[in-house]
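Given next are the chains, with one letter for each unit.
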Amino acid sequence: MDEILEILEKDGRATVEDIAKMLHKKPDEVKKAIKKYEKEGAILKYKAVINKDLIKDTESEVRALIEVNIVPQKDLGFEKIAERIYSFPEVTSCYLISGTYDLLVVVEGRNLNTVSNFVAEKLSCLENVRGTATHFLLKKYKEDGVILKHKSDENKRIAISY
Amino acid sequence: MDNIIAKKVQVMQPSGIRAFFDLVLGMKEVISLGVGEPDFVTPWQIREAGIYSLEQGFTSYTSNKGLYKLRLGIARYLKNKYGLEYCPDEEILITVGVSEGIDLVLRTIINPGDKILIPQPSYVSYGPVTELAGGIPVYIDTSKDGFKITPKLLEKYIDKKTKGIVLNYPVNPTGVSYRRKELEEINKVLLKHKVLCISDEVYGDLTYDFQHVAFPTLPRAKNNTVYFNGFSKAFAMTGWRVGFVCGPKEIIAGMTKIHQYTIMCVSITSQMAAAEALMSGKRYVEQMRREYNRRREYMCVELNLLGLKCQKPQGAFYLFPCIKNTGLSSMDFSRKLLEEEKVAVVPGTAFGINGEGFIRISYASSLDNLKEALVRMKRFLEKRK
C-alpha cells in the first residue's frame, strides 16, 4: 500500500505538509495523490474514532450483530437483497460471508426495542430472508484496530538512557 | 572506604553525564528525546510466547550457550538475511544483550596492555569495559570525517599493540552507517594488520537508505570478525535482555567460559520470546522500520529549519545535530533546554569529548511528541538569537 495511505489510515488528520516531510516528497505531489485517491473512492471519508462509553451526555446506544439467512435471487445472487438491507440507515455494516448463514448485518439503535422492532418489522419480513439470529453486543473491547480503553499516561520507559 | 574499592573501578568515569541524567529523571512532564530504546511495546505475539512458556513451566536454566532452538533460529535468520553460515553448536552464543557480549569478547581477547580502537563519538560502554579487561582504549576522533571511520584514519591509529576495533554501525549516537564499498576498504586495513573486528550491529535492521551489510559477509572477513546483534532494537525487546554473538569457534568457546561462570544463561522466558520473534516478528520489524524512517525524514527537515544543522543519518533512531551556532556547549544547551522548555536530549559529550558541539536526539517517540518538542525547541532557540 502507498505510504500516504498508510499514514492517513492511522491518522486522518495528518497534513499534506507533514506527510510530504515524512516521505521526502513535494507537498504538491502528496496533495495530488490524495485528491486522486479521494476521487477514485480509495479514500472514502475521514472520521474520528469515538469511545462512546466515555460520553455521558448522549443516550446509550444498542448494537446488534444479526445473522441473516437468504434465498439468493436468480441472476442477481445476493446483491439485490443485500442492497435492500444495507440501505436502511439503522444498518452500520453489512457483510456477505461464508458458512452457515449469508449476511452479517450490524444494526445500531437507541435501545433494545428499536433494534428488535427493526429486526421484526423490517428485516425478517423481507421476501428473501429465510431467517435471522440476533446477538446483542454487551461490551466493546477493540474496534477497527483500536483498543477501547482509557489510555494511561504512565510512561513505561525511563526518560533518558544511552 | 576508598581502599576497599579497586583502583580500576575508582578511576572509572561514572560518566560526567550522570548528574544531568539524574536531573532529567527528577523532573516531571518532560518530553524526552533522550531515550535510547524503541517507543513501541514488544509485539504481542512475542509477549504471548513468553507468557505461554511460563504457563508451560519453562522456568529452568538452559544450556550455557542458550536454547538450541534459539541458536538454530539465529543461524537460519543470518543465512536467509545475509547468506552467512554459523554453526549453532559452536559459533553462536546467547548473551544478556549485546552489552554482555562486548564485555565477554574484550575479556576473552585482551592481554594486559593490548589496545582496542574505538571510533568516537561512540556508545558508552566500549572504553570502560576495555579498561576493566586490562586493555587500553584508543579513541579515534571521527568528527572531522562525517562521524565515519576511514582507512586513512585507521592506518594512523593502528600499531603493534592493536588487538581489535569495536566497530558499531549504524552508530549510536550519530545514526551514521556504512555502505559495502566503505566497509570493504576498512576490512582490507584490518586484515592487513591482523586487527580483530568486533562488529556491533544491533541497529542493523534499522537501516533506511540502503541494505545493511553485515561485516562478516565481506571478503575473508568472517574469520576475523565477531558479529554482535540482539533483539532489543529491531523487535522492541530492550527489557528482555537478549543478544547474540557469532564468530570463530575458538573465540566463542573462550567467551562461553566466562559467560558460564558469570551469567550461566540468559533468562529462559526471554529466550523463548526471542525464538518467537525470529519466527513471526519479521513483519513487525518492517512496520516499525517504516515508521522510524518517516520520523527520521520529518525530524531532519525540521531541525535544519530550526537552524540546527543536521546530516541525514542512515540508520538507528538518532539524529546528531550541531548546536555550535548557539554558542553553548553541549551540556549547557541540554541543561538549559531541559530547565527552560522541559525537553530532554543527550549532550554529545556523553559519547566522548569529540561529541562536543552536538546533541543526540532520539526519534523513538510519537510524532505528536516530536512536534511538541520542536515547538519548544524553536522557542528556546529564538530567545537566543
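Just above sits the structure.
Cut-offs and rules
Residue indices begin from 1 for each chain and proceed along its sequence in written order. Following the order in which they are written, the chains are lettered starting with A and the ligands numbered starting with 1. The model is predicted, so local features are restricted to residues of pLDDT at least 70 and side-chain atom pairs to those at 80 or more, both for listing and for counting; the totals for chains, interfaces and linings are taken over all residues. Hydrogens and water are ignored here; the side-chain numbers use all heavy atoms of the structure. Every patch collects residues that have over 30% relative accessible area and no salt bridge, joining them within 9 Å if they carry like charges and within 5 Å if they are nonpolar side chains (Val, Leu, Ile, Met, Phe, Trp, Tyr). Note that accessible areas follow from Shrake-Rupley with a 1.4 Å probe, and for residues the cover is restricted to the protein chains shown. We define a salt bridge as a contact between a side-chain nitrogen of Lys or Arg and a carboxyl oxygen of Asp or Glu at a distance within 4 Å. Counted charges follow a simple rule, with Lys and Arg positive, Asp and Glu negative, and His plus the chain ends left uncounted. Think of each charge as sitting on NZ of Lys, CZ of Arg, CG of Asp or CD of Glu. For helices the rule is a DSSP run of H or I covering at least 4 residues; for strands it is a run of E covering at least 2, with both sets numbered from the N terminus onward. A 1.4 Å probe rolled over the protein chains alone gives each residue an accessible area, and that area as a share of the maximum for its type sets the label: buried under 20%, exposed over 50%, partly exposed in between. Only heavy atoms matter for contacts: two residues are in contact if any of them lie within 4.5 Å across the pair. By convention, the term buried area covers the 1.4 Å-probe accessible surface removed from two parts as they join, with the contributions of both added. Gly counts as polar in this scheme, as do all residues outside two lists: the nonpolar Ala, Val, Leu, Ile, Met, Phe, Trp, Tyr, Cys and Pro, and the charged Asp, Glu, Lys and Arg. At least two DSSP bridges between two strands are required for those strands to pair. A crossover counts as right-handed when, viewed with the strands pointing away from the observer, the path leading from the first strand over the helix to the second turns clockwise.

Moving on, we come to a positive patch on the surface. Residues Lys139, Lys149 and Lys156 of chain A together with Arg47 of chain B make up a contiguous surface patch of positive charge. Following the sequence through the fold, Lys149 of chain A ends up in the segment after strand S6 (146-147). On the accessibility criterion, Lys149 of chain A (64% relative accessible area) is exposed.

Contact residues are listed per partner, giving 35 residues for chain B and 16 residues for chain A. Between chain B and chain A, a total of about 2,200 Å² is buried, with carbon and sulfur atoms accounting for 55% of that surface. Among the residues of chain B in contact with chain A, Phe21, Arg290 and Arg294 of chain B are the three that bury the most area, contributing 27% of the side total. Of the charged contacts in the structure, one is a salt bridge between Arg294 of chain B and Glu6 of chain A, with a shortest N-O distance of 3.3 Å. Of all the secondary structure elements, the ones that give two or more residues to the side of chain B that touches chain A are helix H2 (18-25), helix H11 (282-305) and helix H13 (367-382) of chain B. Among the elements that line the side of chain B that touches chain A, the one with the most residues is H11 of chain B, at eight residues. Residue composition of the side of chain B that touches chain A, by class: 18 nonpolar, seven polar and 10 charged.

This next bit is on the pairing of strand S5 (residues 162-168) of chain B. All names here are of chain B. Among the seven residues that make up S5, six are buried, leaving the element largely enclosed by the rest of the structure. Pairing geometry for strand S3 (residues 115-120) and S5, over three bridges, is parallel. Residue pairing in the sheet places Ile116 in a bridge with Gly164 of S5. Here five bridges tie S5 to strand S6 (residues 196-200), and the two strands are oriented parallel to one another. Considered in S6, the bridge of Ile165 is made with Cys197. Note that the unit made of S5, helix H8 (residues 180-192) and S6 has a crossover that is right-handed.

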